[in-house]
Amino acid sequence: MTIKVLAYLIIPVYTIAFTGGYNWFTTNFSVIGNLMDKKLAFLIWGIVVGLYFYLIYRRLRPLVRLRPLFSRLIPAALALLFCAITTPYLPDEMPLKSFLHIVFAFVSTVLLLIYLAAVVWVRYRLNPVPYRPYLAGLASILVISLVLLAMAGIISSALEIYVTLTSAAMAERLISRIARQAALEGRESSCAGYARLES
């Protein structure tokens, strides 16, 4: 329930409220988040999103066997998100820190999407049909993100909102699907075990 509330209520409402009053195609989270009256709101946004994906990671770990490298992607992404949130973005005054802020934020997002793709791919190889829509969903996120990038010419708030909300929703739907399938497989194993005992 906590994951659903975060994915479909708290994260969307807070993200849109955070960017409210600003043009989504000419600004971005970095610019807004470094305004004096938005710094705390930006920090809270990072904490909420980071907590959400930590919960996703914790739920998925026992359900999906990933190679060690892929298993470390979410912790790395969350560490970089923290670095991005706490590193100022003031290009005129602090060009190096501003550059690092962009690198941290971009790489954090890429690692998150790679992690989700790795989870989907592992499950797809085991059972292609139910996980084919998730591959299509990830492809859609990538394509529409590129369209938004081309439209604005920058990494805009529109792009950041889209990636945040769609990746959060994708993660929730994915974990629900995997959990349901794991529960079903557990019941089938129990039934098979009872049948062997009775025979």
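Predicted model, so just to flag it, every value in this text is computed and none were measured. (Residues numbered from 1 in each chain as written. Predicted model: local features only at pLDDT ≥ 70, side-chain atom pairs only at ≥ 80, totals over all residues. Heavy atoms only, no water.)

Draft legend 1. The packing of helix 3 (residues 39–60) against helix 6 (residues 95–126), seen in detail. Two elements in contact, helix 3 and helix 6, have axes separated by 13 Å at closest approach and are oriented at 25 degrees. Between helix 3 and helix 6, the angle falls in the class roughly parallel. Once helix 3 is placed against helix 6, the crossing between them reads as left-handed. Residue-level contacts link Phe-42, Phe-53, Tyr-57 and Leu-60 of helix 3 to His-101, Leu-112, Tyr-115 and Val-119 of helix 6. Residue classes in the contact of helix 3 with helix 6 are distributed as 7 nonpolar, 1 polar and no charged. (Axes fitted to C-alpha atoms, helices over the stretch in contact; angles between N-to-C directions. Helix = DSSP H or I, 4+ residues; strand = E, 2+ residues; numbered from the N terminus. Parallel < 35°, antiparallel > 145°, perpendicular 65-115°, else oblique. Left-handed = near helix turned anticlockwise from the far one by under 90°. Contact = heavy atoms within 4.5 Å. Nonpolar A, V, L, I, M, F, W, Y, C, P; charged D, E, K, R; others polar.)

Draft legend 2. Focus on the nonpolar core. Core analysis: the largest hydrophobic core is formed by 51 residues, its most contacted members being Tyr-52, Leu-60, Tyr-115 and Val-119. Elements with a minimum of two residues in this core: helix 1 (2–18), helix 2 (29–33), helix 3, helix 5 (73–86), helix 6, helix 7 (128–152) and helix 8 (157–198). Looking at this core element by element, the count peaks at 11 residues for helix 3. In this view, Tyr-115 contacts Tyr-57, Leu-60, Leu-66, Phe-70, Leu-73 and Ile-74; residues no more than four positions away in its chain are not counted. (Core = buried A, V, L, I, M, F, W, Y, C linked by side-chain atoms within 4.5 Å. Buried < 20%, exposed > 50% of the residue type's maximum accessible area, 1.4 Å probe, protein only.)

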